[in-house]
Amino acid sequence: EAQVTQNPRYLITVTGKKLTVTCSQNMNHEYMSWYRQDPGLGLRQIYYSMNVEVTDKGDVPEGYKVSRKEKRNFPLILESPSPNQTSLYFCASSLYISPLLAGSHYNEQFFGPGTRLTVL
Amino acid sequence: QKEVEQNSGPLSVPEGAIASLNCTYSDRGSQSFFWYRQYSGKSPELIMSIYSNGDKEDGRFTAQLNKASQYVSLLIRDSQPSDSATYLCAVNPSGKGGTSYGKLTFGQGTILTVHP
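Just so we're clear, the structure is a prediction, and the values are computed from it rather than from any experiment. (Residues numbered from 1 in each chain as written. Chains lettered and ligands numbered in written order. Predicted model: local features only at pLDDT ≥ 70, side-chain atom pairs only at ≥ 80, totals over all residues. Heavy atoms only, no water.)

**A look at the overall build of chain B**
Secondary structure summary: chain B contains 0 helices and 11 strands in total. Along chain B, from the amino end to the carboxyl end, the secondary structure elements read β-β-β-β-β-β-β-β-β-β-β. On the principal axes, the C-alpha backbone points of chain B span a range of 45 × 30 × 25 Å. The buried share of chain B, taken over its 116 residues, is 47%. Partitioning the intrachain contacts of chain B with sequence separation of at least 6 by distance along the chain shows that 56% fall at a separation of at least 24. For chain B, the accessible area works out to roughly 5100 Å², and carbon and sulfur atoms hold 49% of it. One finds the centroid of the 10 positive side-chain charges in chain B at a distance of 7 Å from the centroid of its 10 negative side-chain charges. (Helix = DSSP H or I, 4+ residues; strand = E, 2+ residues; numbered from the N terminus. Buried < 20%, exposed > 50% of the residue type's maximum accessible area, 1.4 Å probe, protein only. Contact = heavy atoms within 4.5 Å. Areas by Shrake-Rupley, 256 points an atom, 1.4 Å probe, with all protein chains shown as cover. Lys, Arg positive; Asp, Glu negative; His and termini not counted. Charge placed at Lys NZ, Arg CZ, Asp CG, Glu CD.)

**Examining the sheet that holds strand β8 (residues 76-78) of chain A**
Residue and element names in this part refer to chain A. Reading across the sheet, the 4 strands line up as β1-β3-β8-β7 and stay open at both edges, with antiparallel pairing between neighbours. Edge positions in the sheet fall to β1 (4-7) and β7 (65-66), since each has one partner strand and no second. Of the pairings in the sheet, the one linking β7 to β8 comprises 2 bridges and is antiparallel in character. Bridge pairing links V66 to L76 in β8. (Pairing = 2+ DSSP bridges.)

**Here we look at the nonpolar core**
Of all hydrophobic cores here, the largest spans 23 residues; its most connected members are B:W35, B:V72, B:L74, B:I76 and B:Y87. Among the elements of the structure, β3 (19-25), β4 (32-38), β5 (45-50), β7 (61-66), β8 (71-76), β9 (85-92) and β11 (110-115) of chain B are those that each provide at least two residues to this core. Beyond its immediate sequence surroundings of up to four residues, B:L74 is in contact with B:A19, B:S20, B:L21, B:W35, B:I47, B:M48, B:F61, B:T62, B:A63 and B:Y87. Counting residues in hydrophobic clusters, the runner-up holds 19 residues, among them A:W34, A:L78, A:Y89 and A:C91. (Core = buried A, V, L, I, M, F, W, Y, C linked by side-chain atoms within 4.5 Å.)

**With respect to the side chain of A:S87**
Residues and elements named next belong to chain A. You can see S87 is positioned in strand β9 (residues 87-94). A distance of 3.1 Å separates a polar atom in the side chain of S87 from the backbone oxygen of Q37. For S87, the side chain forms a polar contact with the side chain of D38, separated by 2.8 Å. Residues contacting S87, with those up to four places away along its chain left out, are R36, Q37, D38, T115, R116 and L117. (Polar contact = N/O pair within 3.5 Å; in protein donor to acceptor, adjacent residues only side chain to side chain.)

**A few points about unusual backbone geometry**
Residue and element names in this part refer to chain A. The omega torsion of the bond from N7 to P8 falls at -5 degrees, within 30 degrees of zero and hence cis. Its location among the elements puts P8 in the loop between β1 and β2 (10-13). Of note, E53 is a non-glycine position whose phi angle comes to about 65 degrees, a positive value. Relative to the assigned elements, E53 resides in the loop between β5 (42-51) and β6 (54-57).

**Examining the environment of B:G54**
Residues and elements named next belong to chain B. With respect to the element layout, G54 can be found in strand β6 (residues 54-58). Sequence separation of G54 and S79 is 25 residues, and the distance between their C-alpha atoms is 22 Å. With near-sequence residues (within four places) excluded, G54 lies in contact with A63, Q64 and L65.

**Quick notes on the state of the cysteines**
Should the sulfur atoms of two cysteines be covalently bonded, the bond is a disulfide. According to the stated counting rule, one finds 2 disulfides over all chains in the structure shown. At a sulfur-sulfur separation of 1.8 Å, the disulfide partner of A:C23 is A:C91. Its S-S torsion of about -75 degrees marks the bond between A:C23 and A:C91 as left-handed, since a negative value means left-handed. Of the two residues, A:C23 sits in strand β3 (residues 19-25) while A:C91 sits in strand β9, which places them 68 residues apart along the sequence. The pair A:C23 / A:C91 is uniform in exposure class, with both members buried. Linked covalently through their sulfurs, B:C23 and B:C89 form a disulfide whose S-S length is 2.1 Å. Judged by the sign of its S-S torsion, about -75 degrees, the cystine formed by B:C23 and B:C89 is left-handed. Residue B:C23 is found in strand β3, and its partner B:C89 is found in strand β9; the two are separated by 66 residues along the sequence. (Disulfide = S-S within 2.5 Å.)

Right, here's the structure in full:
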């Protein structure tokens, strides 16, 4: 089954304790992204990756790190979590398809189930 | 000004009616546009994508794009209670060449309620 998996699904931690949220996809997609979703602010992109060893900042990268050492994995690292990073996090992946070749779903992003993080 | 703006709603329509969802964006060079649906407690899922001016239809859904007005909309015909969800508009903005493809900016979402 084609899917994006995230672990853990729920995490409660304390300020300053380093943590990693894993993301894996089995669709051989080049593109992967991390988002956070907060009430009233919607979905905001943290980082994205175009392929192995190629990453770029999204709209809210401060306080986060990412790495893309393998095509299927894109972990999100919080070196020193703070309470303002309490949020719902989504990982997503997509396959680049030229708009001339794609059908109705060009650059469809497949989202993982989400990770609810609480930083105390 | 926010990069992608949506009316947060809630928008309430009766079953069988047409629901009209709107979105405006600030980056005139934006490349492609998407509508996602998100049920409460679930992940977003893609409904429609559109990248050229005009209308694009897929079943009960029609996306409309007007790049001159920087406006994209989603029409849902014959609305059903199962359409009740938050609808997210997303835009791939212009940027630094090929790397901009991966960037995606979302609006806050519009809550739609379809009542029987």
